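# Understanding the architecture of this molecule
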Amino acid sequence: MSKKKIHIGILGSAGYGTSARQYLNNSACFEIVACMDIDKRAATKAATAERAQAYTDMPEFLAHDGMEAVA
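Here the structure is a predicted model, which is why all the values come from computation and not from measurement. (Residues numbered from 1 in each chain as written. Predicted model: local features only at pLDDT ≥ 70, side-chain atom pairs only at ≥ 80, totals over all residues. Heavy atoms only, no water.)

### Focus: the nonpolar core
So the rule is basically this: Residues grouped as a nonpolar core are buried Ala, Val, Leu, Ile, Met, Phe, Trp, Tyr and Cys residues, joined through side-chain atoms within 4.5 Å. Burial classes: relative accessible area under 20% of the type maximum marks a residue as buried, over 50% as exposed, and values in between as partly exposed (1.4 Å probe, protein chains only). Secondary structure follows DSSP: runs of H or I at least 4 residues long count as helices, runs of E at least 2 residues long count as strands, and numbering of each begins at the N terminus. Any two residues whose heavy atoms approach within 4.5 Å at even a single point are treated as in contact.
Ranked by size, the top nonpolar core spans 7 residues in total: Ile8, Ile10, Leu24, Ile32, Cys35, Ala46 and Ala47. Those elements giving two or more residues to this core turn out to be β1 (6–11), β2 (30–36) and α2 (40–50). Apart from the residues within four sequence positions on either side, Ile32 is in contact with Ile8, Ile10, Arg21, Leu24, Asn25, Glu50 and Ala52.

### Points about a nonpolar patch on the surface
Test applied: Patch definition: residues above 30% relative accessible area lacking any salt bridge, with like charges linked at up to 9 Å and the nonpolar side chains Val, Leu, Ile, Met, Phe, Trp and Tyr linked at up to 5 Å. Per-residue accessibility takes into account occlusion by the displayed protein chains alone, with areas from the Shrake-Rupley method and a 1.4 Å probe. The term salt bridge refers to a side-chain nitrogen of Lys or Arg lying within 4 Å of a carboxyl oxygen of Asp or Glu.
Among the surface-exposed residues, Leu11, Met58, Leu62 and Val70 lie close enough to one another that they form a single nonpolar patch of about 330 Å² accessible area. Tracing the sequence through the fold places Leu62 in helix α3 (residues 58–62). For Leu62, a relative accessible area of 52% puts it in the exposed group.

### Here's the deal with the sheet that holds β2
Within a sheet, adjacent strands bond to each other through the backbone by hydrogen bonds, running parallel or antiparallel. Short version of the rule: Pairing between two strands is assigned when DSSP locates at least 2 bridges connecting them. In this analysis an axis means a line fitted to C-alpha atoms, helices contributing only their contacting stretch, and an angle means the value between N-to-C directions, from 0 to 180 degrees.
Strands sit in the order β3-β2-β1-β4 across an open sheet of 4 strands; the sheet is parallel. A strand with exactly one partner marks an edge of an open sheet, and here the two such strands are β3 (53–55) and β4 (69–70). Where β1 lies against β4, 2 bridges are found, and the strand directions are parallel. Within the sheet, the bridge partner assigned to Ile8 lies in β4 and is Ala69. In the packing of helix α1 (residues 16–26) onto the sheet, the strands contacted are β1 and β2, and the crossing angle to β2 comes to about 160°. α2 rests against β2 and β3 of the sheet, and its axis sits at about 160° to β2.

### As for the side chain of Arg21
Its location among the elements puts Arg21 in helix α1. Overall, the relative accessible area of 11% leaves Arg21 in the buried class. Non-local contacts of Arg21, meaning those with residues more than four positions away in its chain, are made with Ile10, Ser13, Ile32, Cys35, Ala46, Ala49 and Glu50.

### Side note on the packing of aromatic side chains
Selection criterion: Ring geometry is summarised as follows: Phe, Tyr and Trp rings, the Trp one being its six-membered ring, pair when their centres sit within 6.5 Å, and such pairs are stacked at plane angles under 30 degrees, edge-to-face over 60 and tilted between the two.
Counted by the stated rule, this structure contains 1 aromatic pair. Between Tyr55 and Phe61 the ring centres are 6.0 Å apart and the planes differ by 70°, which places this aromatic pair in the edge-to-face class. Considered together, Tyr55 and Phe61 belong to a single accessibility category, that of buried residues.

This is the structure we're talking about:
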């Protein structure tokens, strides 16, 4: 069985996004690589916690190199 993690981005980094990040981090299947929120502070806070890239622009977020899925 492969141990490769799916590189995932979080759309909406605060509120429910916080719960989604916790769930994904508890799984051995995902690595959060990008965090998007229209609130720059929320995106930056989540991205810093996840060692990921922060985005406030949807097209830039979706173009993140290597991102394989979005939650």
